[in-house]
Amino acid sequence: MNNFQYARATDVADAIRLLAADLGAKLIAGGTNLIDLMKENVERPSRLIDISRLPLRNVEETADGSLRIGALVPNSDLAYHPLIEQRYPLLASAILAGASAQLRNMASVGGNLMQRTRCPYFYDTATPCNKRNPGSGCSAMDGLNRNHAILGTSAACIATNPSDMSVALAALGALVHIAGPSGERTIALTDFHRLPGNTPHVDTNLGTGEIITAIELPPHGFAQNYSYLKIRDRMSYAFALVSVAAALELEGNAISGARVAVGGVAHKPWRSLEAETALRGQAATPDHFSHAADLLLQGATSRSHNGFKVELARRAIVRTLAQAANATPQSQAHKKIA
Amino acid sequence: MNAYIGTPTSRVDGRAKVTGAAKYAGEFPAGGLVHGFVVEATIPCGRIATIDASETLKVKGVLDVLTHANRPPLADKDEAWKDEVAPEGSPFRPLYDDKIKFNGQPIALVIAEDWESAKFAATLVRVEYEQQGFATDLEGERSKAAEKDRPHKPRGDAAAALARADVRHEADYVIPTEHHNPMELYATTAIWESDGKLTIYDKTQGVQNVHKFLCTVFDKKPDDIRVVSPYVGGAFGSGLRPQYQVVLATLGALALKRSVRVVLTRQQMYGLGYRPMTIERVGLGAKSDGTLDAVTHEAIAVTSRYEDFARNDTGWAEQLYSSPNSRFSHKLVHLDVSTPCDMRAPGAASGVCALECAMDELSVALKLDPIELRLKCYSDRDQSENLPYTSKQLHECYARGAEAFGWSRRSPAPRSMRDGKELVGWGMATGVWEALQMPVAVRIVLTSNGHAEVSCAASDIGTGTYTIVAQVAADALGLPIENISVRLADSTLPQAPVEGGSWMAASSAHAVLAAAEEVRKELLGLAGKMPGSPLAGAELADTALIDGSIARADDNSRAVTIADAMRHGGVERIEKEKLNQFAEDKKHARNTHSAVFAEVRVDEELGIIRVTRIVSAVAAGRILNTKTGRSQIMGGVVWGIGMALHEETVMDHRFGRIMNANIAEYHIPVNADVHDIDVIFVDEADAHINKLGVKGLGEIGIVGVPASIANAVYHATGKRIRRFPITLDKVLD
Ligand SMILES: Cc1cc2nc3c(=O)[nH]c(=O)nc-3n(C[C@H](O)[C@H](O)[C@H](O)COP(=O)(O)OP(=O)(O)OC[C@H]3O[C@@H](n4cnc5c(N)ncnc54)[C@H](O)[C@@H]3O)c2cc1C
Ligand code: SF4
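Residues numbered from 1 in each chain as written. Chains lettered and ligands numbered in written order. Predicted model: local features only at pLDDT ≥ 70, side-chain atom pairs only at ≥ 80, totals over all residues. Heavy atoms only, no water.

## Focus on the overall build of chain A
Thought 1: The helix and strand tally for chain A stands at 13 helices and twelve strands.
Thought 2: Expressed along its principal axes, the backbone C-alpha trace of chain A runs to roughly 60 × 50 × 35 Å.
Thought 3: A total of 338 residues make up chain A; the buried ones form 56% of that total.
Thought 4: Within chain A, counting contacts between residues at least 6 apart in sequence, those at least 24 apart form 64% of the total.
Thought 5: Here chain A has roughly 12,900 Å² of accessible surface; of this, 50% comes from carbon and sulfur atoms. (Helix = DSSP H or I, 4+ residues; strand = E, 2+ residues; numbered from the N terminus. Buried < 20%, exposed > 50% of the residue type's maximum accessible area, 1.4 Å probe, protein only. Contact = heavy atoms within 4.5 Å. Areas by Shrake-Rupley, 256 points an atom, 1.4 Å probe, with all protein chains shown as cover.)

Here's what the structure looks like:
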């Protein structure tokens, strides 16, 4: 860990000012990802700007029925918030599938969106990694890549985004509210994270000096027919090999609206409008789910160890859609896959 | 005299542990304490060309940077570095010279006023290496395997018998490298006393082992160093040998003449020992009636370039299954890695896993129930020595375990027991471990108020030694357990070996009995001299200590209270120390046994495996404490679940680096992976092994568990996965 300065931001504008004043500065919220990376010498901020006491902890309904969630709402509070439990249970479920109770207590919404990949080479400064050290090479490409991406990869990086929450947010069509030196803006969650391309060191479209202030959930929460299924190497407290957030609107057994986002397979939560469109108007049957899965996974490629993920993802998508259609969402508390 | 022995007594140290009153090695305070942080090598093989600490030394608070170039003297001879349990070879010496032998090797110690400064300053040490070619991949280097050991002499002609067998099964089973990951980090606080002597608080399984080691490594007299380790937050074998942080903390204290603490990070602990990866090749040849004609077992294991670490992976069939022909061999491949070390049931956990998977495969080939096959081959003798056992209730383990599990309701065909989306599988395996015992000395100080202090250098690594010692002492001295205080793990206390091999319960218990007998002898002398004593003329053997009195064993009413006897004799305290040696018995084999039954449920589409039930029936002689004993077995079972499904140290052989050196990515079972665990202690009276008939429970709990799960996975899915851990990608493959 390096030596760093510490400043506590008094308000959002102050945080933006402090960021602008020191290009090596980093925001710190819950610290559960940033501090770990600092301990590994992966992140070496010159200054930590502590935003954890800013008044960004509200969950409020807006006039149009959307829900605005402050960037500092702890993951646990959000998962157990009555409005989330009732209107957006998919989000609650995805959050509870992540990390551990202690981590969720500390982790913030903004930090969760910004968490970095768990690629082991990214964490190990003794190995080449384009994301950590641009131009040094990608050790995972021909190395250990069992949990690496199968979609949207580039020759420079095959890392995945590890967030569970983001997968549900992608499915729900959430927006990200951002404040920065040139004012405020809003971008879709699905446009927030980037594919690695030639710049794998840039995870998101958050600009220099910008800060996430809130996320916004559109009114429709798919509270009837949803499921979040996370497949991992143990039953809890492990990052996803594959995860699926599925949300359906049903009229009888016919699908009138569908959202599917897949986690653990790409540098960002993976959605396919083609797949969702294909589901619309169809009966909620395994065949149609399977077809949607094929569309979602179009173009999937794999390296030496992660080939299994393609078929696993396909099956997980089908299963999750079935859970959603049957209104039997995956429980995150039982020691069992439904 | 058995108010406590054999009862479910709660841990006497439980309260101190859960309230934080128990202090661990990295927690002892000292005036002027400073902190060392370890700099590790980032290459697996080569030498340090230059090491530049100039920037480090500029950091405020940094006091010194110790390297091979500037450290205080260390012993030159291998003998000085060989601890009580060192394998053959030339032990690793931290900061000794410029050679790099493994990735993660300590190459410098940055010492600063506070830990954070040391940690930061450590990042500024600039190291240039001269890299050399290296190899870390056991499977890639398999052809270089050289025979190290034959655990047992071959019997008959196993190769020929295997070739002619009616039914033959031969396969490789691969067990990956695994790390212990005890909860407590490795730590040493080396306290520089005013007289220049050192008190070393160390995380270790053997204070006297560390003491002797430090004395030879630093050329000190025994009185110059004292090693203390009152509580250990798990070690599982990783603390049997002195670990490098104790050398570094001591070096620091000697260099600065100050108290120094060194605490390793979780990541750095992956540079210590580990369970070696092994390729286990098992061959079984059977007659069509299900009796065995040949057993072969060859293990190929990783070790370092500098030491030959080898354990008995392969010999266990000699104890379990009768076969006229057998051959065992343990081979080593030397790689550019640190030396492996013991890890819970070393050898057996891996070797029996392979053997028991192979037995399951044989039972399928023979169309025999797996228990029936094992009963057909049941061996009443240890075949290698042709000896009977002191006791062996393994058949009872099979019977009681099967009954509790409901084994008779198993439908033998794979994939035949479905429940919704899940395939249900039932598997079983046998476990076996040694019943070892070692010389241990105990001191008892009895005061006339009926309190006793019982002390011994043995460690309690979380297994419950404090409690066992207190129980046995309370019974042997006839006192309530509240009146017994136990002191352990101080090198100045009476002799004890490292705590390992499951030998400490039996060994410490009998040492307590021996010392208590000395106390009783003295009390009898005092009581017998009292006027009109009811014990006048009584022989020692006819007396017992009961309810605070010394009494005639056949008539407890003829008694003198301890207080009266001591008052009359004019003594305030009776202090006795006794070294207990077990009588040598070359006429028996000594083992513990278990039968483990597992139920798994495998999601057919997704490959997710859940271990929903385990029944472990254990025969281990008399169980001294059924509560801590049960916990011990449960811990072994949970670890066995991990060995079957989760644990694997993953290395990138291009860099020779471990890539999951943390407990986020190195998986062990979490609560959600653990369901019902039923522990059964089978009655096993043992008149031969020792007075109390105790065998020890530390390791038997894990042995057999991974195989029972693997066999259940086969039964569920019809898929035989011989490469551990059994992850879902292998199930889906
Ligand atoms: C052992 C372990 C297991 C885990 N398992 C999972 C899992 O299974 N699933 C999962 O989804 N997550 C998992 N996590 C990750 C966890 O969810 C994240 O660490 C957490 O959400 C980060 O939030 P934080 O507030 O602590 O972020 P911090 O660590 O404080 O910050 C992380 C990053 O976000 C930036 N940041 C923080 N707030 C803002 C803001 N408002 N605007 C702009 N940038 C900001 C920081 O500058 C920093 O770069 C795990 C973490 C650990 C340590
Ligand atoms: S996959 Fe990405 S993060 Fe991992 S080593 Fe390659 S460049 Fe680095």
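## Brief notes about the sheet that holds strand E25 (residues 543-546) of chain B
The pairing of strands in a sheet happens through backbone hydrogen bonds and is either parallel or antiparallel.
Residues and elements named next belong to chain B.
Thought 1: Read across the open sheet, the three strands follow the order E25-E26-E27; overall the sheet is antiparallel. Looking at the sheet topology across the chains shown, the edges are occupied by E25 and strand E27 (555-561). Neighbour-to-neighbour, the strand axes of this sheet turn through a mean angle of 35°, independent of strand direction.
Thought 2: As defined by bridge partners, E25 adjoins strand E26 (residues 549-552) across four bridges and the pair is classed as antiparallel. (Pairing = 2+ DSSP bridges. Axes fitted to C-alpha atoms, helices over the stretch in contact; angles between N-to-C directions.)

## With respect to the site of ligand 2
Thought 1: Close contacts around ligand 2 come from 14 residues, with Cys-119, Cys-129, Cys-138, Cys-157 and Ile-158 of chain A the closest.
Thought 2: When grouped by side-chain class, the residues that make up the shell around ligand 2 number ten nonpolar, three polar and one charged. (Near = heavy atom within 4 Å. Nonpolar A, V, L, I, M, F, W, Y, C, P; charged D, E, K, R; others polar.)

## Side note on empty space enclosed by the protein
Thought 1: Going through the model one piece at a time under the given rule, you end up with seven cavities of 30 Å³ or more.
Thought 2: Computed from the structure, the largest cavity encloses a volume of approximately 300 Å³.
Thought 3: For the largest cavity, the lining is made up of 21 residues, of which Phe-92, Arg-241, Pro-242, Gln-243 and Tyr-244 of chain B are closest to its centre.
Thought 4: Of the residues in the lining of the largest cavity, the class split is 13 nonpolar, five polar and three charged.
Thought 5: Both of domain 1 (19-133 + 182-265) and domain 2 (274-436 + 587-732) of chain B provide at least three residues apiece to the lining of the largest cavity.
Thought 6: Within this model, the second largest cavity holds a volume of roughly 130 Å³.
Thought 7: Arg-232, Asp-233 and Arg-234 of chain A together with Ile-609 and His-646 of chain B are, among the 13 residues lining the second largest cavity, the residues nearest its centre.
Thought 8: Partitioning the lining of the second largest cavity into residue classes produces six nonpolar, three polar and four charged. (1 Å grid on protein atoms, 1.4 Å probe; cavity = no way out; pocket = protein on both sides within 12 Å on 5 of 7 lines; lining within 4 Å. Points joined across faces, edges and corners; volume = space filled by probe spheres on them. Domains from an automatic or database assignment.)

## What about the environment of Ala-316 of chain A?
Thought 1: By the element assignment, Ala-316 of chain A lies in helix H13 (residues 308-325).
Thought 2: The class of Ala-316 of chain A is buried, set by a relative accessible area of 0%.
Thought 3: Other than its neighbours up to four places away in sequence, Ala-316 of chain A contacts Leu-229, Ile-231, Val-242 and Val-244 of chain A together with Leu-606 of chain B.

## With respect to the domain arrangement of chain B
All names here are of chain B.
Thought 1: Taken as a whole, chain B is organised into domain 1 (19-133 + 182-265), domain 2 (274-436 + 587-732) and domain 3 (438-580).
Thought 2: Distance between the C-alpha centres of domain 2 and domain 3: 39 Å.
Thought 3: On the side of domain 3, 15 residues touch domain 2, which itself brings 15 residues to the contact.
Thought 4: Buried area between domain 2 and domain 3, summed over both chains or domains, comes out near 1,200 Å², and the portion from carbon and sulfur atoms is 60%.
Thought 5: For the domain 2 face of the interface with domain 3, the top three residues by lost area are Leu-436, Leu-624 and Leu-692, together amounting to 40%.
Thought 6: Our count for the contact surface shared by domain 2 and domain 3 stands at one salt bridge.
Thought 7: The salt bridge involving Lys-691 is made with Glu-517; its shortest N-O contact spans 3.9 Å.
Thought 8: Between the two partners, domain 2 and domain 3, sit nine residue pairs in polar contact (both at pLDDT 80 or more).
Thought 9: Classifying every residue of the side of domain 2 that touches domain 3 by side-chain character gives six nonpolar, five polar and four charged. (Buried area = accessible area lost by both parts, 1.4 Å probe. Salt bridge = Lys/Arg side-chain N within 4 Å of Asp/Glu carboxyl O. Polar contact = N/O pair within 3.5 Å; in protein donor to acceptor, adjacent residues only side chain to side chain.)

## A look at unusual backbone geometry
Thought 1: In the segment running from Phe-724 of chain B into Pro-725 of chain B, the intervening peptide bond is cis, with an omega of -5°.
Thought 2: Despite not being glycine, Asp-219 of chain B has its phi angle at roughly 50°, a positive value.

## Comments concerning the interface of chain A and chain B
Thought 1: At the interface, 39 residues of chain A touch 36 residues of chain B.
Thought 2: Both faces combined, the contact of chain A with chain B buries some 3,200 Å², and carbon together with sulfur accounts for 59% of it.
Thought 3: At the boundary of chain A and chain B, one finds six salt bridges.
Thought 4: A salt bridge links Arg-657 of chain B to Asp-124 of chain A, with the shortest nitrogen-to-oxygen separation between them at 2.6 Å.
Thought 5: Linking chain A with chain B are 13 residue pairs in polar contact (both at pLDDT 80 or more), by the criterion used here.
Thought 6: Elements represented by at least two residues in the side of chain A that touches chain B include exactly helix H8 (120-123), strand E9 (225-231) and H13 of chain A.
Thought 7: Per element, the largest residue contribution to the side of chain A that touches chain B is five residues, and it comes from H13 of chain A.
Thought 8: Grouping the amino acids of the side of chain A that touches chain B by side-chain chemistry returns 18 nonpolar, seven polar and 14 charged.

## Considerations on the nonpolar core
Residue and element names in this part refer to chain B.
Thought 1: Counting residues in hydrophobic clusters, the biggest one holds 105 residues, and the most contacted among them are Leu-214, Val-442, Ile-444, Leu-446, Leu-477, Ile-484 and Leu-523.
Thought 2: When residues of this core are assigned to their parent elements, the largest contribution, 13 residues, is made by helix H13 (residues 504-528).
Thought 3: For Ile-444, the residues in contact, after removing those within four places along its chain, are Ala-452, Glu-453, Val-454, Leu-477, Val-512, Ala-515, Ala-516, Val-519, Ile-574, Glu-575 and Lys-576.
Thought 4: Counting residues in each nonpolar core, the second largest holds 89 residues, with Ala-317, Val-424, Ile-641 and Ala-707 among its members. (Core = buried A, V, L, I, M, F, W, Y, C linked by side-chain atoms within 4.5 Å.)

## A word on helix H9 (residues 165-172) of chain A
Residues and elements named next belong to chain A.
Thought 1: Most of H9 is tucked away: eight of the eight residues are buried.
Thought 2: Every buried residue of H9 is listed here: Met-165, Ser-166, Val-167, Ala-168, Leu-169, Ala-170, Ala-171 and Leu-172.
Thought 3: Positive backbone phi, at 70°, marks Gly-173, one or two positions downstream of H9.

## What about the domain arrangement of chain A?
When the parts of a complex come together, some accessible area is lost, and that lost area is often taken as the interface size.
Thought 1: Domain parsing of chain A yields domain 1 (5-52) and domain 2 (225-325).
Thought 2: Using C-alpha coordinates to define each centre, domain 1 of chain A is positioned 36 Å away from domain 2 of chain A.

## Section: helix H15 (residues 626-645) of chain B
Thought 1: An ideal rise of 1.5 Å per residue puts 28 Å on 20 residues; H15 of chain B measures up with 28 Å between its terminal C-alpha atoms.
Thought 2: The N-cap residue of H15 of chain B is Asn-625 of chain B: its side-chain oxygen and the backbone nitrogen of Lys-627 of chain B are 2.9 Å apart. (Expected span 1.5 Å × (residues − 1).)

## Looking at the confidence of the model for chain B
Thought 1: Counting all residues, the mean pLDDT for chain B is 97, and 100% of those residues have values of 70 or more.
Thought 2: Reported confidences for the modelled complex are a pTM of 0.98 and an ipTM of 0.97. (pLDDT = per-residue confidence, 0-100.)

## Some remarks on the sheet that holds strand E24 (residues 484-488) of chain B
Residue and element names in this part refer to chain B.
Thought 1: Ordered in space as E24-E23-E22-E28, the four strands form an open sheet in which the pairing is mixed. Both edges of this open sheet fall to E24 and strand E28 (573-580), since each of them pairs with a single strand only. Ignoring which end each strand starts from, the neighbouring axes of this sheet average 15° apart.
Thought 2: In terms of strand pairing, strand E23 (residues 451-456) meets E24 through five bridges, oriented parallel. Across the sheet, Ala-452 pairs through a bridge with Ile-484, a residue of E24.
Thought 3: Packing of helix H12 (residues 465-477) onto the sheet brings it into contact with strand E22 (440-447), E23 and E24, and relative to E24 it is tilted by some 135°.
Thought 4: Each of E22, E23 and E28 is contacted by H13, which is oriented at about 40° to E22, the strand it contacts most.

## A few points about the environment of Ser-391 of chain B
Residues and elements named next belong to chain B.
Thought 1: The residue Ser-391 is located in the loop between strand E19 (387-388) and helix H11 (394-405) in this model.
Thought 2: With a relative accessible area of 7%, Ser-391 lands in the buried category.
Thought 3: For Ser-391 and Ala-620, which are 229 residues apart along the polypeptide, the C-alpha to C-alpha distance reads 8.9 Å.
Thought 4: Beyond its immediate stretch of four places on either side in the chain, Ser-391 contacts Asn-591, Glu-684, Ala-685, Asp-686 and Lys-695.

## Remarks on the pattern of salt bridges
Thought 1: Overall, the coordinates contain 67 salt bridges over all chains when judged by the stated rule.
Thought 2: With a shortest N-O distance of 3.5 Å, Arg-116 of chain A and Glu-43 of chain A are connected by a salt bridge. One end of the pair, Arg-116 of chain A, is in the loop between helix H7 (109-114) and H8; the other, Glu-43 of chain A, is in the loop between helix H2 (34-39) and strand E3 (47-50), with 73 residues separating them in the sequence.
Thought 3: Owing to a relative accessible area of 14%, Arg-116 of chain A belongs among the buried residues under this scheme.
Thought 4: Residue Glu-43 of chain A is classed as buried on the basis of its relative accessible area of 9%.
Thought 5: The partner of Glu-522 of chain B in a salt bridge is Lys-576 of chain B, with the nearest N and O atoms 2.8 Å apart. Placement of the pair is Glu-522 of chain B in helix H13 and Lys-576 of chain B in strand E28, with a sequence separation of 54 residues.
Thought 6: Beyond isolated ion pairs, a larger network of salt bridges with shared partners links Lys-26, Glu-43, Arg-116, Lys-131 and Asp-203 of chain A.

## Considering the site of ligand 1
Thought 1: Near ligand 1 you find 35 residues, and of these Leu-27, Gly-31, Thr-32, Ser-108 and Asp-164 of chain A are the closest.
Thought 2: At the site occupied by ligand 1, nearby residues are drawn from chains A and B.
Thought 3: Gly-30 of chain A places a main-chain nitrogen or oxygen 2.8 Å from an oxygen atom of ligand 1.
Thought 4: Ile-212 of chain A places a main-chain nitrogen or oxygen 2.9 Å from a nitrogen atom of ligand 1.
Thought 5: In isolation ligand 1 exposes 980 Å². Once the protein is present, 96% of that is buried.

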